[in-house]
Amino acid sequence: MCQTRENEEHRIEIYPVPECYREVKDIRIRVNGEHLPLIACNEQYDYCHFSFSGRADIEICVGEAICFEQISPLAKEIPSEVRGDTLAFSLTCPQYLIVKINRNKELIVAADPLEQDAPPACGEGIYNVAEKPYGADPHGRLDATAAIQAAISDAAEKGGGIVYVPAGVFSVANLVLKSNVHLYLCGGAVLREKETPEGLSKDFTKHGISGKICDYPGTWMVRTEAYSENIRIYGRGTIDANGTHLRTEYRFLTTVVACHQCRNFSTEGVIIRDGGLWSFLLIRSRDIQVTGTKHFNEVDSIYENDAIDVLESQNVRICHTIAVAEDDTYSLKAYGEGSGDIKASWVGSPGRNRDVVFDDCFAWTRCGAFKIGWGVFSDMCNITFRNSYVYSCMTGVNMTHYSGTGAAEDINYENIDIESFRSKSDRDRRCMWLIADIVDRGGGAGSIRDVAVRNIRVRKPEGLPCVIKGYDENAFIDRLLLENIELCGRKIRSLKDLDLAEAPKFAENITVRG
């Protein structure tokens, strides 16, 4: 059960630690005086999660004298106090933070707002997967796929309803969400992919990962039925693809959620954990809202585990999220005609990415933080990244038009704060805050046009090269505005100030304003 504590002004909800996860004991966290579990995630970071209203006073005790502490995003300037071995700070609104203390692993603090529309566990239109007639095992020992899928199908047959997943661990293979069905995950609930690939659908085969030839089969753990509509995933629970285990032990790849040929899809408040390949896919869909999601993936060695990929979709809003991945955190691609590889199960006609907004997003990656490209076979237009933050990345503002003849145009990057850089490998020194690059790596080349990059702050280190380079007279960069750019306290007033890796090629109408 969730622990709820309240007084006249403040209320918090703390969720139970699921049986499949381990609580970290050597670091103690309290919120408003109550114990807040720290959940072990991977070698790079752990996380805690709660919801609140009013004020949350947080204390993190590490059991040793604190010599260094940092709360990111730094741009939020959250006041803190060190009391011996304890770091204390307060929140008055929902925040996703990365806390670094001494040489300890990073801690992610996910502080959500209290739920406003959590459904009851039973009643008319509620399909509780743990209750009769479904009886899904909440301890993760028995396969719960059939029970949960039956609840989804029953809700769909009645014209819609809420499939309620209570606190507990539910071992599943693949789930298919249908029109007018809302999947609610209670705080402390986990849908977790099975320990072996046996019984998992084969939705694609990946023929190469990070340049290495391979033939890894893969699956979509939770997906929407093709040509469905009005689907919602929400709550404070977790969908866990068990991706690191399945990939390293069985060479089998798992995507956590695939919204596929769906209209009016939303995901709110849940944790998306441990994708084995691209983790959260929005494929040829429209009218999408993603809010308050936490994307927790491995950040060091599980290559191509993108956090969020928008793929040929329209009218997409991704707001107030945190995404951690070794590969790209927030990315758009368009592949056009053709089948095979990761597109093997895509249905419908190719489309373009259009009217996509990323707002208040927090990225931690060893690749691209906010990225357009490596696949622009059809046009992309009216794309905005704004009011967002980067803890660490290889590239921050990233437009890598490396395949396809489509145009990427009407692109806006505004109000972005980049804290630090780290490349995909210790030998790779391609870190840069800005790359606008067109290369034909198969499938031709297209142009990048009408781009505005405004109000960008890069905190460290200074002297990183940038790339602004078109391909030829037919695939070029045109009308690029760089305005109010600050590199380590230094205002950029000309192209010379940018310390470009080389002079711009096949690039026209570049404007720099200090």
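The structure this text deals with has already been given above.
Since this is a predicted model, take the numbers as computed values, not measurements.

Colleague: Would you mind going over the overall build of the chain with me for this structure?
Modeller: Broken down by element type, the chain carries 2 helices and 43 strands. Relative to the compact-globule value of 24 Å for 514 residues, the chain shows a C-alpha radius of gyration of 23 Å, a close match. Seen along its three principal axes, the alpha-carbon backbone of the chain occupies a region of about 65 × 60 × 40 Å. Put simply, the chain has 514 residues, and 60% of those count as buried. In the chain, the proportion of contacts linking residues at least 24 apart, taken out of those at least 6 apart, comes to 73%. In the chain, the 58 positive side-chain charges and the 74 negative ones have mean positions that sit 3 Å from each other.

Colleague: I keep staring at the layout of surface pockets and nothing clicks. Help me out?
Modeller: By rolling a water-sized probe across the atoms, one finds the places where empty space is left. Roughly 1,000 Å³ of internal volume is contained in the largest pocket. Lining the largest pocket are 41 residues, and of these C367, K371, W374, Y402 and R441 sit closest to its centre. Among the elements of the structure, β20 (204–209), β34 (368–376), β36 (395–401), β38 (432–438) and β40 (467–469) are those that each provide at least two residues to the lining of the largest pocket. Among the residues making up the lining of the largest pocket, the classes are represented as 16 nonpolar, 9 polar and 16 charged.

Colleague: Would you take a moment to explain the environment of N297 for this structure?
Modeller: Mapping N297 onto the fold places it in the loop between β29 (294–296) and β30 (308–311). The spacing of N297 and K505 is 208 residues in sequence and 37 Å in space, taken between C-alpha atoms. With residues near it in sequence (within four places) discarded, N297 still touches N42, Y45, R273, D274, G275, S279, N305, A307, V324 and A325. Only 3.5 Å separates the side chain of N297 from the backbone nitrogen of D274, close enough to count as a polar contact.

Rules used throughout
- Note on numbering: residues in each chain are counted from 1, in written sequence order.
- Thresholds applied to this predicted model are a pLDDT of at least 70 for local features of residues and 80 or more for the giving and counting of side-chain atom pairs; totals over whole chains, interfaces and linings are not thresholded and use all residues.
- Side-chain numbers come from the whole structure's heavy atoms, not from hydrogens or water.
- Numbering goes from the N terminus for both helices and strands, where a helix is a DSSP run of H or I of at least four residues and a strand is a run of E of at least two.
- The reference for a compact globule is 2.2 Å times residues^0.38; the radius of gyration itself is calculated from the C-alpha atoms.
- Each residue is assigned to one of three classes by its accessible area relative to the maximum for its type, calculated with a 1.4 Å probe on protein chains only: buried under 20%, partly exposed between the two thresholds, exposed over 50%.
- It only takes one pair of heavy atoms within 4.5 Å for two residues to be counted as in contact.
- His is not counted, nor are the chain ends, whereas Lys and Arg count as positive and Asp and Glu as negative.
- To locate a charge, take NZ of a lysine, CZ of an arginine, CG of an aspartate or CD of a glutamate.
- Cavities and pockets are found on a 1 Å grid laid over the protein atoms alone: a cavity is a set of points where a 1.4 Å probe fits but cannot escape, a pocket is an open set with protein on both sides within 12 Å along at least five of seven lines, and a lining residue has an atom within 4 Å of such a point.
- Grid points are joined across faces, edges and corners, and a volume is the space filled by probe spheres set on the points.
- Side-chain classes follow a simple rule in which Ala, Val, Leu, Ile, Met, Phe, Trp, Tyr, Cys and Pro form the nonpolar group, Asp, Glu, Lys and Arg form the charged group, and the remainder, Gly included, forms the polar group.
- In protein, a polar contact requires one atom able to donate a hydrogen and another able to accept it; more generally it is a pair of N or O atoms within 3.5 Å, and residues adjacent in sequence count only if both atoms are side-chain atoms.

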